[in-house]
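Next come the chains, spelled out residue by residue.
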Protein chains: 2
Amino acid sequence: MSKVNLKDLAKALNISVSTVSKALRDSYEIGDETKKKVIAKAQSMGYSPNPYAGFLRNQKSKTIAMVLPELTNNYFIQAISGAEAIAHENGYHILIYATNDDKEKESGILNHLLNGRVDGVLMSVSSNTSQYEHINELIQAGIPIVFFDRICHEIETAKITTNDFASGFLATEHLIQSGCKKIAYLSISEHLSIDHKRKQGYLEAMNKHDFTIDEQLIVQCSTDEKSNTQKIKKILTSKNKPDGIFASVERLALTTYQVCKRNNISIPNDLKVISFSNLRTADLLNPSLTTITQPAFEIGKEAATILFKHLAKRKSIIPNENIVINSELSIRGSTNPTIK
Amino acid sequence: MSKVNLKDLAKALNISVSTVSKALRDSYEIGDETKKKVIAKAQSMGYSPNPYAGFLRNQKSKTIAMVLPELTNNYFIQAISGAEAIAHENGYHILIYATNDDKEKESGILNHLLNGRVDGVLMSVSSNTSQYEHINELIQAGIPIVFFDRICHEIETAKITTNDFASGFLATEHLIQSGCKKIAYLSISEHLSIDHKRKQGYLEAMNKHDFTIDEQLIVQCSTDEKSNTQKIKKILTSKNKPDGIFASVERLALTTYQVCKRNNISIPNDLKVISFSNLRTADLLNPSLTTITQPAFEIGKEAATILFKHLAKRKSIIPNENIVINSELSIRGSTNPTIK
């Protein structure tokens, strides 16, 4: 049997999680009648007297969570390091939760955090997250969230990103300047803010240089590696094949490399490749990979800094703020035949 | 001010953590006098009435921790995935803690877990961990640990590893059969069980083939990338330079690749390289990297399976058991010039 939580209570009482939470905390904002109702219901439903949250009010959990789509991505690993540096300074531990890029798992994790086992959350949303109730509930329960990278525009809080539009533009223009005539864009999810902005940058650069946009060259990939491999192979072996690929995320560039290797497509001679990536081995690949390198460590650091600033003030609503830290273009062999 | 925990109480009372823990749990094993003393001390020191542990006895935390040396290592990322598959089946969440391969941080994390925020721990120790008090305390506090990969022989519990000795032997023999005459071994830490066994395998293969052991070719590396780079560069540019390198861990193989690239040393012509590694991009490196590939996913799965079996029985002491899941040799371009 799963444990009764704030959400279950709120549902049973037909009031908001926020009200339940405040009632149990004996907040001045809630009337006595409501408090009594909430406490009675909590008892009848066997809601355990919230040991974590009680603990928290007296002594903080000294823990924050990072909720991330995947760990097999150097961007997130570097962001963890950045956040850890700040957590350590503040005497905090970081718990890492991986959603496997799945909205259901993400909801389950945030639900699990409702009991207050952490003081705050740094989060990058899953690529199929398009509704945000589970995120709002956590904030209403008094646990602040700071977004980084894959953000939710719809939620009021601090958001740390890189200059995705400008970097998408730069990446595409670099392919054009390297001689590409037909440039494909590999998208990871249409729901993701970062993907949308990178694609807008791609489209803008194509427009600037009077390139025709070919919808067939905008490839909608997903978290399914097998299907991505098939889609990439299909365009690279079609009549209408591109001579340049801009991968929105690292994983898709690696799949492109695998497809090229298996099908004897030479990078950069037959196909030039550029990707958003923080791969440690970008330099050691065959050929070395031209990347848009994000300041992942700095982004993690900044996200944690803002969260701790607000934790110190014991504020759970963080005012809306957009912080942008710029990425850098690193030109390597996959777009330049003179570099090994 | 940091919170008073079981360990602080035990120290103040000059009795074991285990006794304190049992006294507070009102265990039949502890006499009334001791219980009274413990409770009095707990009150006087402001020990909070252990909300997590109280919570746990009635309703489990439904959470386990994985305590790992580093996240920038595909082995551990794959082990997490394996453990998560089992945790998910059991309705559990996994918290990931990174020790950054540092014993001090490792101690801090286990201390943090003493309050019972998790039901059990899967652990791979830091490379500088040579004393185990912090690990014993956790087990005595009723939180079982299962080791995998970097294990502690000194502690009674289940331990999941790969066939490190046989794989070290196989790796070295593969270099010999590929024509190497002078083979260096890159060690990551003399404290680590896995490193010791891999090195023994190396020495045994050298002996079998009547190769002289040259102590200068056994390079003691560390977690300091800069120092590793210098050490590897030094042997690769010395008069006594090796024509084969066996890297005990992935990170050292990548450093070797970087050093070779910068110093125009051609792999595999001038130097053949083999490494324990679960790198996703092993196949895409220049040249592709010959690896001893560990069944990391399976190892994580097995470790979690054993932990959950014991959690179900509510036993905190897991009987000693050594489970070995074999690695595989994947021959690629770094030891064979005919493979790209």
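These numbers were taken from a predicted model, which means no experiment stands behind them.

Every α-helical turn comprises 3.6 residues, leaving residues that sit three or four positions apart pointing alike. All names here are of chain B. Burial within helix H2 (residues 17-24) is extensive, with 8 of its 8 residues counted as buried. The set of residues buried in H2 consists of Val17, Ser18, Thr19, Val20, Ser21, Lys22, Ala23 and Leu24. Next to the buried residues of H2 lie helix H1 (6-13), helix H3 (32-44) and helix H7 (133-140).

Taken over all residues, the pLDDT of chain A has a mean of 89, while the share at 70 or more is 94%. Low pLDDT (under 50) marks residues 49-59 of chain A, which in the prediction has 22 contacts with non-local residues, meaning those over four places away or in another chain.

This brings us to H1 of chain B. All names here are of chain B. Residues of H1 that are buried include every one of Leu6, Leu9 and Ala10, and no others. One side of H1 carries all its buried residues, which in axial view fall inside an arc of 100 degrees. Structurally, H1 contributes buried residues whose contacts are with H2 and H3. Note on H1: the residue one or two positions beyond its end, Asn14, has a positive phi of about 60 degrees.

Another aspect to go through is the nonpolar core. Ranked by internal contacts, the top residues of the largest apolar core, which has 116 residues, are Val121 and Leu122 of chain A together with Val121 and Leu122 of chain B. Ignoring sequence-local partners within four residues, the contact set of Val121 of chain B consists of Ile64, Ala65, Val67, Leu113, Leu138, Ile143 and Ile145 of chain B. Core analysis: the second largest hydrophobic core is formed by 76 residues, Leu271 and Ile274 of chain A together with Phe169 and Ile274 of chain B among them.

Among all residues save glycine, negative phi is the norm, and among peptide bonds the norm is trans. Residue and element names in this part refer to chain A. Of the consecutive residues Ile267 and Pro268, the connecting peptide bond is found in the cis state with omega at 5 degrees. Take Pro268: it is sitting in the loop between helix H11 (250-262) and strand S9 (272-276). A positive phi angle, close to 50 degrees, is found at Asn264, a residue other than glycine. You can see Asn264 is positioned in the loop between H11 and S9. What makes Asn264 exposed here is the crowd of 7 C-beta atoms within 10 Å.

All names here are of chain A. With mixed pairing, 6 strands are arranged side by side in an open sheet as S7-S6-S8-S9-S10-S12. Looking at strand neighbours, the two that pair on one side only are strand S7 (218-220) and strand S12 (328-330), the edges of this open sheet. Across the sheet, the mean angle from the axis of one strand to that of its neighbour is 15 degrees, orientation sign disregarded. Of the pairings in the sheet, the one linking strand S8 (residues 244-247) to S9 comprises 4 bridges and is parallel in character. Bridge pairing in S9 places Phe246 opposite Ile274. Together, strand S6 (183-187), S8 and S9 form the strand contacts of H11, whose direction differs from that of S9 by roughly 155 degrees.

Residues and elements named next belong to chain B. Reading across from one edge, S7-S6-S8-S9-S10-S12 is the order of the 6 strands in this open sheet, with mixed pairing throughout. Each of the sheet's edge strands pairs with one partner strand only, and the pair in question is strand S7 (218-220) and strand S12 (328-330). Averaged over all adjacent pairs, the angle separating strand axes in this sheet is 15 degrees, with direction ignored. By the bridge criterion, 3 bridges tie strand S10 (residues 290-293) to S12 in an arrangement that is antiparallel. Its bridge partner being in S12, Thr293 is matched across the sheet by Glu328. Running over the sheet, helix H9 (residues 193-208) touches strand S6 (183-187), strand S8 (244-247) and strand S9 (272-276) and is turned about 170 degrees from S6.

Residue and element names in this part refer to chain A. It is at 10 Å that the axes of helix H1 (residues 6-13) and helix H3 (residues 32-44) come closest, and there the two elements cross at 115 degrees. Like other packed secondary-structure pairs, H1 and H3 cross with a definite hand, here right-handed. Contacts between H1 and H3 involve Leu9, Ala12 and Leu13 on the former and, on the latter, Lys37, Val38, Lys41 and Ala42. Looking at side-chain class alone, the contact of H1 with H3 contains 5 nonpolar, no polar and 2 charged residues.

All names here are of chain A. Domain boundaries in chain A define domain 1 (1-49), domain 2 (60-161 + 295-326) and domain 3 (164-293). For domain 1 and domain 2, the distance between their C-alpha centres works out to 26 Å. Each partner contributes to the interface: domain 1 provides 7 residues, whereas domain 2 provides 7 residues. Of all the elements in the fold, those that place two or more residues in the side of domain 1 that touches domain 2 are H1 and helix H2 (17-24). The element best represented in the side of domain 1 that touches domain 2 is H2, accounting for 3 residues.

Next up on the list: the pairing of strand S4 (residues 145-148) of chain A. Residues and elements named next belong to chain A. Neither face of S4 is open: one carries Ile145 and Phe147, the other Val146 and Phe148, and all of them are buried. Sheet topology places strand S3 (residues 120-123) next to S4; 3 bridges connect them, and they run parallel. Residue pairing across strands places Met123 opposite Phe147, the latter belonging to S4. Once the chain exits S3 it traverses helix H7 (residues 133-140) before rejoining the sheet at S4, and the crossover so formed is right-handed.

All names here are of chain B. The element strand S2 (residues 93-98) is largely enclosed, with a buried count of 6 among its 6 residues. Neither face of S2 is exposed, since His93, Leu95 and Tyr97 on one face and Ile94, Ile96 and Ala98 on the opposite face are all buried. Here strand S1 (residues 63-68) pairs with S2 via 6 bridges, running parallel. Residue pairing for S2: Ala65 is matched across the bridge by Leu95. Where the polypeptide runs from S1 across helix H5 (residues 74-89) and back to S2, its parallel neighbour, the crossover connection is right-handed.

Rules and cut-offs
All residue numbers here refer to positions counted from 1 along the written sequence of the relevant chain. The lettering of chains begins at A and the numbering of ligands begins at 1, in the order of writing. Reporting in this predicted model follows two pLDDT cut-offs: at least 70 for local features of residues, and 80 or more for side-chain atom pairs to be given and counted; totals over whole chains, interfaces and linings ignore these cut-offs and use all residues. To sort residues by burial, count the other C-beta atoms lying within 10 Å of each one's C-beta; a count of 20 or more means buried, 12 or fewer means exposed, and anything in between means partly exposed. C-beta atoms are built from the backbone. A run of DSSP states H or I qualifies as a helix once it reaches four residues; a run of E qualifies as a strand once it reaches two. Both are numbered from the N-terminal end. Think of it this way: build a C-beta for each residue from its backbone, and any pair within 7 Å is a contact. What pLDDT conveys is the predictor's confidence in a given residue, as a value from 0 to 100. For this quantity, the arc is that covered by the directions from the helix axis to the C-beta atoms. We define the nonpolar core as any set of buried residues of the types Ala, Val, Leu, Ile, Met, Phe, Trp, Tyr and Cys, connected via C-beta atoms lying within 7 Å of each other. One bridge is not enough; two strands pair if DSSP finds at least two bridges between them. Helix axes use the C-alpha atoms of the stretch in contact, all axes being lines fitted to C-alpha atoms, and the angles between their N-to-C directions lie in the range 0 to 180 degrees. Each crossing is labelled by how the near helix is turned from the far one, with a counterclockwise turn of less than a right angle marking it left-handed and a clockwise turn marking it right-handed. Gly counts as polar in this scheme, as do all residues outside two lists: the nonpolar Ala, Val, Leu, Ile, Met, Phe, Trp, Tyr, Cys and Pro, and the charged Asp, Glu, Lys and Arg. Each domain's extent is set by a domain assignment, obtained either automatically or from a database. Place the viewer so that the strands point away; then a crossover is right-handed whenever the path from the first strand over the helix to the second strand goes clockwise.

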